[in-house]
Amino acid sequence: RECGQAGADAESPTGVRIWGEKDYTLKMVVAKLWTLRKHFEGFPKKDDFELKEEELPELKDGEVLLEAVFLSVDPYMRPYSKKIMKEGDIMIGTQIARVSASNNSKFPVGCYVVSSSGWRTHTISDGKKIELMLADWPENISRSLGLGTVGMPGCTAYFGLLEILQIKPGDVLLVNAAAGAVGMSVGQIAKIKGCKVIGCAGTDEKVALLKQMGFDEAFNYKTVKSLDSALKQASPDGYDCYFDNVGGEFSNVVINQMKQYGRIAVCGAISGYNDVEPQKGAYIQAPMIFKQLRMQGFVVSTWNNRREESEKALMAWVKEGKLKSKEHITTGFEKMPDAFMGMLKGENIGKAVVKI
Ligand SMILES: NC(=O)C1=CN([C@@H]2O[C@H](COP(=O)(O)OP(=O)(O)OC[C@H]3O[C@@H](n4cnc5c(N)ncnc54)[C@H](OP(=O)(O)O)[C@@H]3O)[C@@H](O)[C@H]2O)C=CC1
Ligand SMILES: CCCCC/C=C\CC(=O)/C=C/C=C/C=C\[C@@H](O)CCCC(=O)O
């Protein structure tokens, strides 16, 4: 029988046997998948998730079989789960997958793709919701960076800085969740562009890493006596730019330390994602008016048409050693919920990734 391109693996890394030239017995591929058993109420709990299996049918013309290698856990999954998912759905998310069987010449066996197929080990794709990874991916750079520094979080930093904040040399920039996937790239790209960069994070270990990475100042927002004083000490003249990943009470303090004509990029609000009742904060109109601030929310998918441009720029900085990556790798598909909840608790330093 035709089974896609010659050379389909007889044995895949996960030990799941699939059809191949040598082995004519057709073994069905059984995908493992994590579903949202119950919508989150407050902080996610282990029994909000359910692990299931799914027998995959034979490939049709134009289809490929994807085998997940790295899967991403991201903060957006928490608020988006309520917005775009129903109970029983497969958890949303992106993964780096290897094509292990193919009836589609655009995606030959052995190539790697970024796929938004969610939390699942194997996927049959018609090629429409997958993207080939950047060409000539260096052998010495893990493809997991396609989920972080040279992927959606890195592009978020790139466009948030260059399009929303329009940073320029000499700007004083503050970034929170600075030791995370987005924040780490924000700080380093801002340094590349000649800014003074202040970062904050939730552990002393993260703060030490930020200073090693070249942040001009960094502090642990959980242990400082006063956030207001810590911000003043880091930049007595205030801030030109604020890359906000956290929102909430943190941002109510920052806004009063913005310089005249300051610019604020509202990237995320992770301080509120797990709230049962929305937080009630200060009204910001007065500082917005008196300081004549510009504040803009954004979603990185706005620039999907410029994805290759940004990924090439990010990869170039990585190769030059100017943009360092840090990953928090959890091994084992069965640990996806733990990795997700750990990231929301701040256990990750750098991009949270699950390795199959
Ligand atoms: N607008 C867009 O297109 C995008 C927005 N985002 C947003 O950017 C932010 C960072 O995402 P990402 O880099 O992937 O995640 P991270 O890798 O930074 O991981 C999340 C981090 O957030 C911090 N955090 C968690 N809870 C709180 C809290 N209550 N208060 C303060 N900090 C908290 C923790 O670090 P710490 O130790 O510092 O507390 C944790 O490690 C998120 O808000 C996310 O939603 C991400 C991608 C795209
Ligand atoms: C308190 C409400 C906060 C609302 C903001 C929520 C999240 C901000 C954020 O993290 C946005 C992330 C955007 C990611 C963009 C593209 C994709 O990689 C994920 C798209 C989700 C999906 O459809 O799979």
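- As recorded in an unreviewed UniProt entry, the protein chain goes by the name Prostaglandin reductase 1, listed as coming from Callorhinchus milii.
- What UniProt records for the protein chain under Sequence similarities (unreviewed entry) is the sentence "Belongs to the NADP-dependent oxidoreductase L4BD family."
- According to its UniProt record, the protein chain has this under Subcellular location (unreviewed entry): "Cytoplasm".

With respect to the pattern of salt bridges
Here's step 1: Here the structure, examined in full by the defined rule, presents 18 salt bridges.
Here's step 2: Across the salt bridge formed by glutamate 54 and arginine 120, the nearest N and O atoms sit 2.8 Å from each other. Of this pair, glutamate 54 sits in strand β2 (residues 49–56) while arginine 120 sits in the loop between β5 (112–115) and β6 (122–125); the two residues are 66 residues apart in sequence, bridging distant segments of the chain.
Here's step 3: Taking relative accessible area as the criterion, glutamate 54 reaches 32% and is therefore assigned partly exposed.

Remarks on the UniProt feature "domain: Enoyl reductase (ER)" (unreviewed entry) in the protein chain
Here's step 1: Here the UniProt feature "domain: Enoyl reductase (ER)" (unreviewed entry) sits at residues 46–354.
Here's step 2: Here residues 46–354 is 28% helix and 25% strand, with 16 Å between the C-alpha atoms at its ends.

A few points about the site of ligand 1
Here's step 1: Lys206, Tyr221, Tyr273, Val300 and Asn348 are the nearest of the 27 residues found near ligand 1.
Here's step 2: Glycine 202 is positioned such that a nitrogen or oxygen atom in its backbone is 3.0 Å from an oxygen atom of ligand 1.
Here's step 3: Interatomic distance of 2.6 Å between a side-chain N/O atom of tyrosine 273 and an oxygen atom of ligand 1.
Here's step 4: Isolated, ligand 1 exposes 900 Å² of accessible area, and the fraction of that covered by the protein chains is 90%.
Here's step 5: Those elements that provide at least two residues to the shell around ligand 1 are α2 (152–165), α3 (181–192) and α9 (336–345).

Details of the nonpolar core
Here's step 1: Residues Leu161, Leu173 and Phe243 are the most contacted members of the largest nonpolar core, which totals 48 residues.
Here's step 2: Put simply, the parts of the chain that give this core at least two residues each are α2, β8 (172–175), α3, β9 (196–201), α4 (204–212), β11 (239–244) and α8 (307–320).
Here's step 3: Residues Trp34, Phe40, Ala68 and Met336 belong to the second largest nonpolar core, which totals 21 residues.

Considerations on the sheet that holds strand β13 (residues 294–297)
Here's step 1: Taken together, 6 strands build an open sheet; the order of strands is β10-β9-β8-β11-β12-β13 and the sheet is parallel. Of all strands in the sheet, those with a lone pairing partner are β10 (217–220) and β13, marking the two edges. Each neighbouring strand pair of the sheet contributes to a mean axis angle of 15°, computed without reference to strand direction.
Here's step 2: Against the sheet, α3 engages β8, β9 and β11, with an angle of about 170° to β8.
Here's step 3: Seen against the sheet, α4 touches β9 and β10 and runs at an angle of roughly 175° to β10.

Overview of the pairing of strand β12 (residues 258–266)
Here's step 1: Bridge analysis of β11 against β12 gives 5 bridges, and the strand direction is parallel. When the bridges of β12 are listed, tyrosine 239 appears paired with methionine 258.
Here's step 2: Regarding topology, helix α6 (residues 248–254) serves as the crossover connection from β11 to the parallel β12, and that connection is right-handed.
Here's step 3: On the question of chirality, the crossover connecting β12 to the parallel β13 by way of helix α7 (residues 285–290) is right-handed.

Digging into helix α5 (residues 227–234)
Here's step 1: Those residues of α5 that sit buried are Leu227, Ala230, Leu231 and Ala234. In a view along the axis of α5, the buried residues occupy a sector of 100°, so they form one face of it.
Here's step 2: Among the structural elements, β8, β9, β10, β11 and α6 are those in contact with the buried residues of α5.
Here's step 3: Where α5 begins, one side-chain oxygen reaches toward the backbone nitrogen of aspartate 228, 3.2 Å away; that side chain belongs to serine 226.

Some words on the environment of alanine 101
Here's step 1: Looking at where alanine 101 falls in the secondary structure, it is placed in strand β4 (residues 95–102).
Here's step 2: Each C-alpha atom of the pair alanine 101 and valine 114 lies 16 Å from the other, and the pair is 13 residues apart in sequence.

A look at the pairing of strand β1 (residues 29–36)
Here's step 1: The buried fraction of β1 is high, at 6 of 8 residues.
Here's step 2: Of the strand pairs in this sheet, β1 and β2 are connected by 8 bridges, and their pairing is antiparallel. Bridge pairing in β2 links threonine 35 to glutamate 50.

A word on α3
Here's step 1: The end-to-end C-alpha separation of α3 is 17 Å, in line with the 16 Å expected for 12 residues at 1.5 Å each.
Here's step 2: The element α3 is extensively covered by neighbouring structure, given that 9 of its 12 residues are classed as buried.
Here's step 3: Those residues of α3 that sit buried are Val182, Gly183, Met184, Ser185, Val186, Gly187, Gln188, Ile189 and Ala190.
Here's step 4: Buried residues in α3 make contact with α2, β8, β9, α4, β11 and α8.
Here's step 5: In the stretch just after α3, glycine 194 is the one whose phi turns positive, near 90°.

Focus on the packing of aromatic side chains
Here's step 1: Considering all chains together, one arrives at 12 aromatic pairs under this definition.
Here's step 2: Put simply, the rings of Tyr158, Phe159, Phe243, Phe298, Trp303 and Trp317 touch in pairs and so form one group of aromatic residues.
Here's step 3: Directly above the ring of tyrosine 80 sits lysine 83, whose terminal nitrogen or CZ lies 5.9 Å from the centroid.

So, how was this worked out
- Chains are numbered independently. Their residues run from 1 in the order of the written sequence.
- Chains carry letters from A onward and ligands carry numbers from 1 onward, assigned in written order.
- For this predicted model, a pLDDT threshold of at least 70 governs which residues receive local features, and a threshold of 80 or more governs which side-chain atom pairs are given and counted, while totals over whole chains, interfaces and linings are taken from all residues.
- To obtain the side-chain values, all non-hydrogen atoms of the structure were included, while hydrogens and water were left out.
- UniProt positions are given in the numbering used here, feature names are shortened, and annotations may be inferred rather than shown by experiment.
- We count a salt bridge whenever a side-chain nitrogen from Lys or Arg sits within 4 Å of a carboxyl oxygen from Asp or Glu.
- A run of H or I in DSSP becomes a helix once it reaches four residues, and a run of E becomes a strand once it reaches two; helices and strands are each numbered from the N terminus.
- Residue burial is assigned from relative accessible area. The probe radius is 1.4 Å, only protein chains are included, and a residue is buried under 20% of its type maximum, exposed over 50%, and partly exposed in between.
- Near is defined per residue: the residue qualifies when any heavy atom it owns lies within 4 Å of the molecule or strand.
- Definition of a polar contact: a pair of N or O atoms within 3.5 Å, with one able to donate and the other able to accept a hydrogen when the atoms are protein atoms, and with sequence-neighbouring residues admitted only if both atoms are side-chain atoms.
- For the accessible areas, the method is Shrake-Rupley and the probe is 1.4 Å, while residue cover comes only from the protein chains on display.
- What we call a nonpolar core is a set of buried Ala, Val, Leu, Ile, Met, Phe, Trp, Tyr and Cys residues that are connected through their side-chain atoms within 4.5 Å.
- Here, any two strands with at least 2 DSSP bridges between them count as paired.
- Each axis is a line fitted through C-alpha atoms, taken for helices only over the stretch in contact, and angles between the N-to-C directions span 0 to 180 degrees.
- Contacts are assigned to residue pairs that have any heavy atoms within 4.5 Å of one another.
- By the criterion used throughout, a crossover qualifies as right-handed when its path from the first strand across the helix to the second strand runs clockwise, the strands pointing away from the viewer.
- The reported arc concerns the directions from the helix axis to the C-beta atoms and nothing else.
- To estimate the expected span of a helix, count its residues, drop one, and scale the result by 1.5 Å.
- Note on aromatic pairs: the rings of Phe, Tyr and Trp (six-membered ring only in Trp) are paired at centre separations within 6.5 Å, and the planes decide the class, stacked below 30 degrees, edge-to-face beyond 60, tilted for the rest.
- Here, a charge over a ring means that NZ of Lys or CZ of Arg falls within 6 Å of the ring centre while also lying within 35 degrees of the ring normal.

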